[in-house]
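What follows is each chain in one-letter form.
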Amino acid sequence: CKEETNLYLNSANNYIFSLILGGELKKAEQEIDALQKTTNSLELTIQQKARTFINISDNRLLILSKQNKWLVAYEATKEIEKELVIYDRYLDQPRKTYLYFSFANIHFFSKNFKSVQKFLNKIIKSKDDKEADPSLIALAMIIQLITIIEAQELLLFKNKLATTRKYIKNQAISEWML
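Residues numbered from 1 in each chain as written. Predicted model: local features only at pLDDT ≥ 70, side-chain atom pairs only at ≥ 80, totals over all residues. Heavy atoms only, no water.

Chemist: Describe in detail helix H2 (residues 25–41), supporting the description with residues and values.
Modeler: Between its first and last C-alpha, H2 extends 25 Å over 17 residues, near the 24 Å set by a 1.5 Å rise per residue. Of the residues making up H2, those classed as buried are Leu25, Ala28, Ile32, Leu35 and Thr39. Take H2 and look down its axis: the buried residues cluster within an arc of 70 degrees, on one side only. The exposed residues of H2 that point more than 90 degrees off its buried face are Lys26, Lys37, Asn40 and Ser41. (Helix = DSSP H or I, 4+ residues; strand = E, 2+ residues; numbered from the N terminus. Expected span 1.5 Å × (residues − 1). Buried < 20%, exposed > 50% of the residue type's maximum accessible area, 1.4 Å probe, protein only. Arc of directions from axis to C-beta.)

Take a look at the structure:
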């Protein structure tokens, strides 16, 4: 039954996420592997496959991040990005935004500042999507400024600062950010 499958997938993902937040990373890895095996034997819709792919991928990246295994996580993002092409059109904007933030975070801590920009730009370009969250786009713009400073691209900084201020002001996100 489709509803039972969705309930199972959601429950399994929530359980894994709670294990990660609770610091039980080894148990979370085991549960991810079990979920992967189970879903491989189920007849899932393409939407369920896409959601499962992104949840498993993001949980694996979260575990690597919590373990400070930035280079391993960086390599994993490259593999995930290749597979993401298959499922991209079946994923809603909030899921993609969350994954792109994960990618940007991992690339930042791996000191791959150019690729951080790539993922932040994907979030920022989603600003016209009706599902896009203006506060997350503003956050991506602010992180982009930090990344520009880290990469020592100071000429670009001035232009991006003006764009970021204008966006935040137009969205009336918060007075303190101006």
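Chemist: So what's going on with the layout of surface pockets? Residues and values would help.
Modeler: One number sums up the size of the largest pocket: a volume of about 270 Å³. If you go around the largest pocket, you meet 16 residues; those closest to its centre are Gln36, Thr52, Phe53, Ile56 and Glu83. If you list the elements that add at least two residues to the lining of the largest pocket, you get H2, helix H3 (46–66) and helix H4 (70–87). Here the element with the most residues in the lining of the largest pocket is H3; it accounts for eight residues. As a volume, the second largest pocket reaches approximately 220 Å³. Lining the second largest pocket we find Asn13, Phe17, Ile54, Asn55, Asp58, Asn59, Pro94, Arg95, Tyr98 and Leu99. Of all the elements in the fold, those that place two or more residues in the lining of the second largest pocket are helix H1 (2–21), H3 and helix H5 (93–109). A class-by-class count of the residues in the lining of the second largest pocket yields five nonpolar, three polar and two charged. (1 Å grid on protein atoms, 1.4 Å probe; cavity = no way out; pocket = protein on both sides within 12 Å on 5 of 7 lines; lining within 4 Å. Points joined across faces, edges and corners; volume = space filled by probe spheres on them. Nonpolar A, V, L, I, M, F, W, Y, C, P; charged D, E, K, R; others polar.)

Chemist: Could you give me a rundown of empty space enclosed by the protein, with the residues and numbers involved?
Modeler: Counted under the stated rule, the structure contains one cavity of 30 Å³ or more. Put simply, the largest cavity is a space of about 50 Å³. Forming the boundary of the largest cavity are Leu9, Asn13, Leu35, Arg51, Thr52 and Asn55. Ranked by residue count, the leading element in the lining of the largest cavity is H3, at three residues.

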